Amino acid sequence: MAFPYMEAIVGVMILVYIFEMYLDLRQRAALKLPTLPKPLAGVVSQEKYEKSRAYSLDKNTYHIVHEFITIIMDSAIIYFGILPWFWKRAGEFLVYYGFNAENEILHTLSFLAGVMFWSQLTDLPFSLYSTFVIEERHGFNKQTLGSFFKDMIKGIAVSVVIGPPIIAIIIIIVQKGGPYLAIYLWAFICVLSLIITALYPVLIAPLFNKFTPLPEGELKTKIEKLASSLGFPLKKLFVVDGSTRSSHSNAYMYGFLNNKRIVIYDTLLQQCKNDEEVVAVIAHELGHWKLKHTTYSFFAFQIITLLQFGGYTLIRNSKDLFQSFGFDTQPVLIGLIIFQHTVIPVQHVVNLLLNLACRAFEFQADAFAKKLGYAPTLRSGLIVMQEENLSAMNTDPWYSAYHFSHPPLVERLAALDKPDKKTD
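Cut-offs used in this document
The written sequence of each chain sets the order in which its residues are numbered from 1. Side-chain atom pairs in this predicted model are given and counted only at pLDDT of 80 or more, local residue features only at pLDDT of at least 70, and totals for whole chains, interfaces and linings cover all residues. Water and hydrogen atoms were dropped before computing side-chain values, which therefore reflect all heavy atoms in the structure. Each pair of aromatic rings taken from Phe, Tyr and Trp, with Trp reduced to its six-membered ring, is defined by centres within 6.5 Å and is described as stacked if the planes are under 30 degrees apart, edge-to-face if over 60, and tilted in the remaining cases. Secondary structure elements are defined from DSSP: runs of H or I of at least 4 residues count as helices, runs of E of at least 2 residues count as strands, and each element is numbered from the N terminus. Residue burial is assigned from relative accessible area. The probe radius is 1.4 Å, only protein chains are included, and a residue is buried under 20% of its type maximum, exposed over 50%, and partly exposed in between. Any Lys NZ or Arg CZ found within 6 Å of a ring centre and within 35 degrees of that ring's normal is scored as a charge over the ring. Two strands pair if DSSP finds at least two bridges between them. The convention used is that axes are lines fitted to C-alpha atoms, helices contributing only their stretch in contact, and that angles between N-to-C directions extend from 0 to 180 degrees. The criterion used for residue contact is that any of the two residues' heavy atoms lie within 4.5 Å. By the criterion applied in these results, polar contacts are pairs of N or O atoms within 3.5 Å in which, for protein atoms, one can donate a hydrogen and the other can accept it, and in which residues neighboring in sequence qualify only through two side-chain atoms.

Participant: Explanation requested: the packing of aromatic side chains in the structure shown.
Facilitator: Two aromatic rings, taken as a pair, are described by how far apart their centres are and by the angle between their planes. Counted according to the given criterion, the structure contains 23 aromatic pairs. Ring centres 6.5 Å apart and planes at 70° place the aromatic pair Tyr-312 and Phe-339 in the edge-to-face group. Of this pair, Tyr-312 sits in helix α10 (residues 293-315) while Phe-339 sits in helix α12 (residues 332-342), and the two are 27 residues apart along the sequence. As far as the burial class goes, Tyr-312 and Phe-339 line up, both buried. Ring centres of Tyr-399 and Phe-404 lie 5.5 Å apart, and the angle between their planes is 85°; this geometry places the pair in the edge-to-face category. Positioned above the aromatic ring of Trp-398, the side-chain terminus of Arg-26 is 4.3 Å from the ring centre.

As structure tokens, this is what we get:
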């Protein structure tokens, strides 16, 4: 008797869901606390705290409902054989229009077109509610229905343009890769990630947002001076019109080698009390670069990707595994989907470890900015961003460690306030 792979995987999915629901309920209890954490008392106003708490509870409720419906749909799709049924219908669709269903690339693209349609259809109510009810209720949403659907269509168009060539190459590599399949797949994804990293901010991001050079002035001079003092090869400094979609704020940097760029959300410029707070936030971001956090993250991603493809090669020829899911053939894409479901527990452990590493990086970048003399302004800047984004003030430690790549504000402020160790 063959091992019931499909039933076991659905069982694991449900167990993971139960564990994550437990964490959601722990977080909900923390969000319901009526008082600020002691370190934030007198720092954050009670009014801001109440607004933050209401926003966080609304998002928590939404998340719980969304995850409940998602696990029901995902489990049903696997358990009741919807995947093989849909795969067969995709082949019949090709035949109806005169194409060869035996061509795995065409068959896969037909299947993915249906999956995209289904995912857009089922996700749309949740996206609309999140944007036009929750974000609107708490003053963040700046989108109209027109701009919302315009962005959605643009996203679909980008996927339609870049998706098929990528899928086709992956299928060809698997079909012809032989014993070095995992290495070839990893090499392709590695090159692809570099290309996307280079092209996304130049070709794709401008489709959704407007990037304008930061105007000449004191702020630009201060940022350029800071970058120069650290040896950061800053080529361009942009302001992005994030306020056209949301009042959430952020800043980031990107680019290869000696062609680096910094992007500041216009909402961050509006929210910070002065230029020094903005510069302190940039100092934190430059700390990530100086401490090579981006490089470490890139190599960690490459190692994980190589291990994943190595694992995939172990199961891709397992007839029992495919038959357990209702497939008589062994399509490349279906094999990848099944493999992702078989390693769900491992993925969650890896994600937890990555979160812990990212949190350590955040503390190090804060310490870097502090060493440059920006501790007071970074502290006030972090508080402003926390207040204006209505981020959760009280967080459950388990939930935070599992889900958050950034430490809670209380921990970051405590680290900034901690006296530096004296050296002899």
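Participant: Hey, could you run me through the sheet that holds strand β1 (residues 211-213) in this one?
Facilitator: Backbone-to-backbone hydrogen bonds join strands into a sheet, with any given pair of strands oriented parallel or antiparallel. Pairing is mixed in the open sheet, where 4 strands are placed in the order β1-β2-β4-β3. The sheet is open, and its two borders are formed by β1 and β3 (251-254), each paired with just one other strand. In this sheet, adjacent strand axes meet at a mean angle of 30° when their direction is disregarded. Against the sheet, helix α7 (residues 218-230) touches β2 (234-240) and β4 (260-265), its axis set at about 140° to β2.

Participant: Looking at this structure, how should I read the side chain of Ser-193?
Facilitator: Assignment of secondary structure puts Ser-193 in helix α6 (residues 181-204). At a separation of 2.7 Å, a polar atom in the side chain of Ser-193 contacts the main-chain carbonyl oxygen of Cys-190. The residues contacting Ser-193, other than those within four sequence positions of it, are Phe-298 and Gln-302.

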